[in-house]
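# An overview of the molecular structure
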Amino acid sequence: MASSKDYLEFVLEQLSELSDITYRAMMGEFIIYYQGRVIGGIYDDRFLIKNTKTARALMPDVSLEIPYEGAKEMLLVEDIENKSFLRELFESMVGELPLPKKKK
């Protein structure tokens, strides 16, 4: 099942307190970037983020979800209504994420 554009717009609104949020559509789903880094995505209308040490510390009871067959487990963001929590989450985990590789 592909994710809906409505759910993408809802997630982007919840992330509106952060600058430099971008996204890219990919095979019916959406990859979310923060400061140029892949931070997570929307898969089957679920907001999933990378499994980082900081994210697990901020969400100790988090569910691990597989975004698609063959992918690494990601963390399900359940407190998506809380904009200040999302800002804190993204700002604290961005340093753990690699910058994108330069294209040759």
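Scope of this entry: the structure provided in the associated data block. (Residues numbered from 1 in each chain as written. Predicted model: local features only at pLDDT ≥ 70, side-chain atom pairs only at ≥ 80, totals over all residues. Heavy atoms only, no water.)

### Some thoughts on the overall build of the protein chain
This is how it is decided: The helix and strand labels rest on DSSP assignments: H or I over at least four residues marks a helix, E over at least two residues marks a strand, and numbering proceeds from the N terminus. Radius of gyration here uses only the C-alpha atoms, and the compact-globule reference equals 2.2 Å multiplied by the residue count raised to the power 0.38. Note on exposure labels: buried denotes an accessible area under 20% of the residue type's maximum, exposed denotes more than 50%, and partly exposed covers the range between, all computed with a 1.4 Å probe on protein chains only. Contacts: residue pairs with any heavy atoms within 4.5 Å of one another. Charge convention: Lys and Arg are scored as positive, Asp and Glu as negative, and His as well as the terminal groups of each chain are ignored. Where a charge sits is defined by one atom per residue type, namely NZ (Lys), CZ (Arg), CG (Asp) or CD (Glu).
If you tally the helices and strands in the protein chain, you get three helices and six strands. Listing every helix and strand of the protein chain by position from the N terminus yields α-β-β-β-β-α-β-β-α. Scaling as 2.2 N^0.38, a compact globule of 104 residues should have a C-alpha radius of gyration of about 13 Å, and the protein chain matches this with 13 Å. Burial analysis of the protein chain (104 residues in total) assigns 38% to the buried set. Expressed as a percentage of contacts within the protein chain between residues at least 6 apart in sequence, the contacts between residues at least 24 apart total 54%. Charged side chains of the protein chain number 14 positive and 18 negative; the gap between the two group centres comes to 13 Å.

### Quick look at the pairing of strand S3 (residues 37-43)
To keep things clear, this is the line we draw: Two strands qualify as a pair provided that DSSP identifies no fewer than 2 bridges between them.
Most of S3 is tucked away: six of the seven residues are buried. Two strands pair when backbone bridges link them, and strand S2 (residues 29-34) and S3 are joined in this way by five bridges, in the antiparallel orientation. Across the sheet, the residue bridging to Phe30 is Ile42, located in S3. In this structure, the hairpin formed by S2 and S3 is closed by a connection of two residues, where Gln35 is found at a positive phi of approximately 55°.

### Things to note about the side chain of Arg37
Using the following cut-off: What counts as a salt bridge is simple: a side-chain nitrogen of Lys or Arg found within 4 Å of a carboxyl oxygen of Asp or Glu. N or O atoms closer than or at 3.5 Å make up a polar contact, with two conditions inside protein: a donor-capable atom paired with an acceptor-capable one, and, for residues adjacent in sequence, both atoms drawn from side chains.
Position of Arg37 among the secondary structure elements: in strand S3. Notably, Arg37 is buried but unbridged: the nearest opposite-charge side chain belongs to Asp20, and the N-O separation is 7.8 Å. Within polar-contact distance, the side chain of Arg37 engages the backbone oxygen of Leu97 at 2.8 Å. Sequence-distant contacts of Arg37, that is, excluding residues within four places in its chain, are made with Ile32, Val94, Leu97, Pro98 and Leu99.

### A few points about the pattern of salt bridges
Taken as a whole and judged by the stated rule, the model has four salt bridges. One salt bridge in this structure joins Lys83 and Glu13, with 2.8 Å as the shortest N-O distance. Residue Lys83 is found in helix H3 (residues 83-93), and its partner Glu13 is found in helix H1 (residues 5-14); the two are separated by 70 residues along the sequence. Classification of Lys83 as partly exposed rests on a relative accessible area of 24%. Of the charged contacts in the structure, one is a salt bridge between Glu65 and Arg46, with a shortest N-O distance of 2.9 Å. Of this pair, Glu65 sits in strand S5 (residues 64-65) while Arg46 sits in strand S4 (residues 46-49); the two residues are 19 residues apart in sequence, bridging distant segments of the chain. On the accessibility criterion, Arg46 (19% relative accessible area) is buried. Through salt bridges that share partners, Asp44, Arg46 and Glu65 make up one connected network.

### Structural notes on the nonpolar core
Just so we agree on the cut-off: Throughout this description, the term nonpolar core refers to a set of buried Ala, Val, Leu, Ile, Met, Phe, Trp, Tyr and Cys residues connected via side-chain atoms within 4.5 Å.
Counting 24 residues, the largest nonpolar core has Leu15, Ile32, Ile42, Phe47, Ile49, Leu89 and Phe90 as its most contacted members. Elements with a minimum of two residues in this core: H1, S2, S3, S4 and H3. The greatest single-element share of this core, amounting to five residues, is contributed by H3. Ignoring sequence-local partners within four residues, the contact set of Leu89 consists of Ile49, Ala55, Leu58, Met59 and Val77. Judged by nonpolar contacts, the second largest core, of six residues, contains Tyr33, Tyr43, Leu48 and Leu76.

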